[in-house]
Each structure stands twice: as C-alpha cells, then as structure tokens.
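# Coordinate inspection notes
Chain by chain, the residues:
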Amino acid sequence: MEEKGFLAKITQLNIEDGATKWSSPSNIALVKYWGKREQQIPENASISFTLNNCKTITNLTYTKKENKTDFNFDVFLDGEKKDDFKPKIETFFNRVSKYLSFLKDFHFKIETENTFPHSSGIASSASGMSAIAACLMSIDKQLNPEMSEDFILKKTSFLARLGSGSACRSLEGDLVVWGKHEIIKGSSNLYGVNFPFETHKNFKNYQDTILLVDKGEKQVSSTIGHNLMHNHPFAQQRFIQANENLEKITTILQNGNLDQFIALVESEALTLHAMMMTSMPYFILMKPNTLEIINKIWAFRKATNSKVCFTLDAGANVHVLYPESEKVSVLQFIKNELVAYCQNGHYICDSIGKGLEQL
Ligand code: PMV
C-alpha cells in the first residue's frame, strides 16, 4: 500500500458525539530502529516483541464543535490535566490531519493511563501513540464503514508511526516487522506487519523482565537521537547491518537457535548504544548499574548454561529476555543478583502479548 491509499475521503460528518477506549502495549525491539528520514520513514527494517503488561489505556471522548479552523483537545494523565503533553499531540494531529477528515470537527478529551509507573524511564510513546491512533480509527471507521479489518489495522499502524516510529509495531503480537525488507512479504516503511513465518516453540510466551536502573527523564529524546544519525560516520554501515540482522533473525526465530538469538540481540543493543557514543554530540545512556547487570547476566549464563540475555532501549534500563521454560530459575537469579542494581529495587515482569484491545 502506498501513502495516498490512506488519505482521508470526503465524507459527511454523520456521526454523533461519543467516546472510544483502547489499550495498547509497549514493544521491545530485537533489531533496532535508529535513524529516520522525513515523515518518520525508517532507515532500516526493525522487529520487536509485543509486550503484554506495559500498556497505555486511552479513553477518547469526542464532542462536535462550532469553530472548525483549529484542533481542540485536552489531555489528562491519571485524571490530571497535562498541558505539557499538548505540543506532542498537536504535532501528531498536524501530521495525521490529511488522513483523518474529522479532526477539526470535534473537541477531544484524551484521558490516558499507563499500567507501568509514569516515572519508570520506560518510554510510553509506543503504547501511548498506538492507543490514540486506535481511538481515532474507531471514529474513522464510523465515517467509512466500508474499510476492511486489514486496512484498518494498516491505517492504525500508519497513523501510530506518525506519532512515534516504534508505535507502529505495537498493534499485534507476537512479533512485528516495520520497514521494507525483501524477505518479509508485505513489509513497508509506512506501517508494521506481523512476522509472516511460523515462530519456533522456544519463542512462545518469551519473558521480558524490565530492570528499572534509572527512572529519570530520558537524557536524550529519541527525536534528537534519530537526528544524530544524519552525518554519523558509521550510519550507512549500521543501516546495512540492521537489515542483515533482520534477515538472520528471521531464520533464528524459525529454527529456535537460542545461542544465535542471544548473540544477535545483545549485539543489536550494544550497537544502538555504540551509535550514541560515537555521534556528535556523544552520549552514554548506560549507567554503571547497567553494566553490572550485563556482566552478571554473562556470568550466570556461563555458569548455568541458561539462555537468558539482555537488550536495551535508548536508556539505562535493562530488558532481561528468557524462554518461558526458564521462568522460575531466571526470576530467582534476578531476585538474588540483579534487583540490587535497580532503583529502589523496582522491576516489571512482562512477556509477549497480543497487541491492541478495545475496551
Ligand atoms: O519510536 P521512537 O522514535 O521513540 O524510537 C525508538 C527507538 C528505539 O526504541 C531505541 C529502538 C526501537 O526500534 O524501538
């Protein structure tokens, strides 16, 4: 599908005031997206596990208004008005207005809550932007009842991408690919698609325990981070490597080779951080405790033959990934040896989830 397929059709506004509520999860990338072009087009393909417990729940109330020249909305987080969220939503509305005909017809009340603590250092943009995209698509569906379920999913992902790139990978489980790649049939730079192959049983219900090393605000916003890949000395090589890794992981996810999975996923995480360390200006987003945890994981793996591994987002927190069959032993290891490195001992147990849910 091309971009123009998502443009708003001229329709009559024949719907009443109403409300719609969706929950959408976060996701954790295995092959990372880092670097983009205009309009949130990724420089390389990426793939992520959809999470189950880290979710945003958004209730969107829409009321017709007289003045149709501007967007009009209020945002609430946990019942509290959040005017500092407005610029991001305003930018999002501006980006998506040509794909949704009704944005200036309504006043929107956006009430949102996260199942994970707000100040946990976990990015809520993927879950938040995909939840709001799903709410807007509920309205669009009423205006365009002929849209197929498949098209609605694609358009929801398309809109979510315009809010936050990685948000387009949050709508379905278990694995979603975003970015055009020759071996993933139907893949696109415009929206995420379900991983189209049968996944090996080793990856069923894979576990992700998120160790909260640093709950503070992100040191570098992802917008700034992505921009640092422009003129980055290693950028082109990185984009080639990511696309090669996507091909490799496609095989691994089918053959169930956990040693190869570990090597690829940990290398991706460290490469993401290496890109930040070698950009100008440069950043170190890991904390000493991030490294302590990584070393403990390596030592545990060596001592026990466990298949536990780590990945990182653009921050200090560590995602500990492991097969469901190791749930008891790895959780014990986390409690015994890793919790001490978490801020206030906090961590979140998550696993692969199914994506969007209408409430
Ligand atoms: O979606 P953004 O613009 O916040 O970028 C997210 C980038 C990473 O989380 C670091 C990697 C990824 O692919 O999710």
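So, how was this worked out
Along each chain, numbering runs from 1 in the same order as the chain's sequence is written. In keeping with the predicted nature of the model, local features appear solely for residues at pLDDT of at least 70, side-chain atom pairs appear and are counted solely at 80 or more, and the whole-chain, interface and lining totals rest on all residues. The side-chain values count all of the structure's non-hydrogen atoms but skip hydrogen atoms and water molecules. Here, a salt bridge means any Lys or Arg side-chain nitrogen found within 4 Å of an Asp or Glu carboxyl oxygen. When a residue's accessible area, from a 1.4 Å probe over protein chains only, is under 20% of the maximum for its type it is buried; when over 50% it is exposed; and in between it is partly exposed. Working definition: helices are DSSP H or I runs of at least four residues, strands are E runs of at least two. Numbering for both runs from the N terminus. Side-chain rings of Phe, Tyr and Trp (the six-membered ring for Trp) are treated as a pair once their centres are within 6.5 Å; stacked means planes under 30 degrees apart, edge-to-face means over 60, and tilted covers the remaining angles. A pocket, in this scheme, is an open set of points on a 1 Å grid over the protein atoms alone with protein on both sides within 12 Å along at least 5 of 7 lines, while a cavity is a set where a 1.4 Å probe fits but cannot get out; residues line either one if an atom lies within 4 Å of a point. Grid points are joined across faces, edges and corners, and a volume is the space filled by probe spheres set on the points. Each residue gets one label: Ala, Val, Leu, Ile, Met, Phe, Trp, Tyr, Cys and Pro are nonpolar, Asp, Glu, Lys and Arg are charged, and the others, such as Gly, are polar. Strand pairing is defined by DSSP finding a minimum of two bridges between the two strands. Distances are taken per atom, and a residue is near a molecule or strand as soon as one of its heavy atoms is within 4 Å of it. Throughout this description, a polar contact denotes any pair of N or O atoms lying within 3.5 Å of each other; where both atoms belong to protein, one of them has to be capable of donating a hydrogen while the other can accept it, and for residues adjacent in sequence the pair is counted only when both atoms sit in side chains. All accessible-area figures derive from a Shrake-Rupley calculation using a 1.4 Å probe, and residue coverage is judged against the displayed protein chains alone.

Taken as a whole, this structure holds 16 salt bridges when the rule is applied. A salt bridge links glutamate 43 to arginine 37, with the shortest nitrogen-to-oxygen separation between them at 3.3 Å. With a relative accessible area of 44%, arginine 37 lands in the partly exposed category. For lysine 155, the salt bridge identified is with aspartate 140, shortest N-O distance 3.0 Å. You can see lysine 155 sitting in helix 3 (residues 149-163) and its partner aspartate 140 sitting in helix 2 (residues 125-143), a full 15 residues away along the chain. For lysine 155, a relative accessible area of 3% translates into the label buried. Under the relative-accessibility criterion, aspartate 140 is labelled buried at 2%.

This part is about the packing of aromatic side chains. According to the stated counting rule, one finds 20 aromatic pairs in the structure shown. Aromatic pair tyrosine 99 and phenylalanine 158: ring centres 4.8 Å apart, planes at 80°, arrangement edge-to-face. One end of the pair, tyrosine 99, is in the loop between helix 1 (86-96) and strand 7 (106-114); the other, phenylalanine 158, is in helix 3, and 59 residues separate them in sequence. Ring centres of phenylalanine 102 and phenylalanine 106 lie 6.4 Å apart, and the angle between their planes is 70°; this geometry places the pair in the edge-to-face category. Each member of the pair phenylalanine 102 and phenylalanine 106 is classed as buried.

The subject of this paragraph is empty space enclosed by the protein. This structure, assessed with the given rule, holds one cavity of 30 Å³ or more. In this structure, the largest cavity occupies an estimated 80 Å³ of space. If you go around the largest cavity, you meet 13 residues; those closest to its centre are Leu7, Lys9, Asp140, Asn144 and Lys155. Looking at the lining of the largest cavity residue by residue, the classes come out as six nonpolar, three polar and four charged.

In terms of burial, strand 10 (residues 207-211) is a largely internal element, five of the five residues being buried. Neither face of strand 10 is open: one carries Gln207, Thr209 and Leu211, the other Asp208 and Ile210, and all of them are buried. Bridge count for strand 10 against strand 12 (residues 318-322) is five bridges, and the pairing is antiparallel. For leucine 211, the partnering residue across the bridge sits in strand 12 and is valine 318. In this structure, strand 10 lies alongside strand 13 (residues 347-351), joined through five bridges in antiparallel fashion. The residue of strand 13 that forms the bridge with aspartate 208 is aspartate 350.

Right, let's talk about the environment of lysine 335 for a bit. Locating lysine 335 in the fold gives a position in helix 8 (residues 327-338). Looking at lysine 335, the relative accessible area reads 46%, which means it is partly exposed. Note: C-alpha distance between lysine 335 and glycine 345 (10 residues apart in sequence) is 9.2 Å.

Here we take up the site of the ligand. Inspection of the region around the ligand gives 13 residues, with Tyr33, Ser166, Arg169, Ser222 and His226 positioned closest. Taking tyrosine 33, its main chain carries an N or O atom lying 2.9 Å from an oxygen atom of the ligand. For the ligand, the accessible surface in isolation is 390 Å², of which the surrounding protein chains cover 92%. Of the residues that constitute the shell around the ligand, the class distribution is five nonpolar, five polar and three charged.

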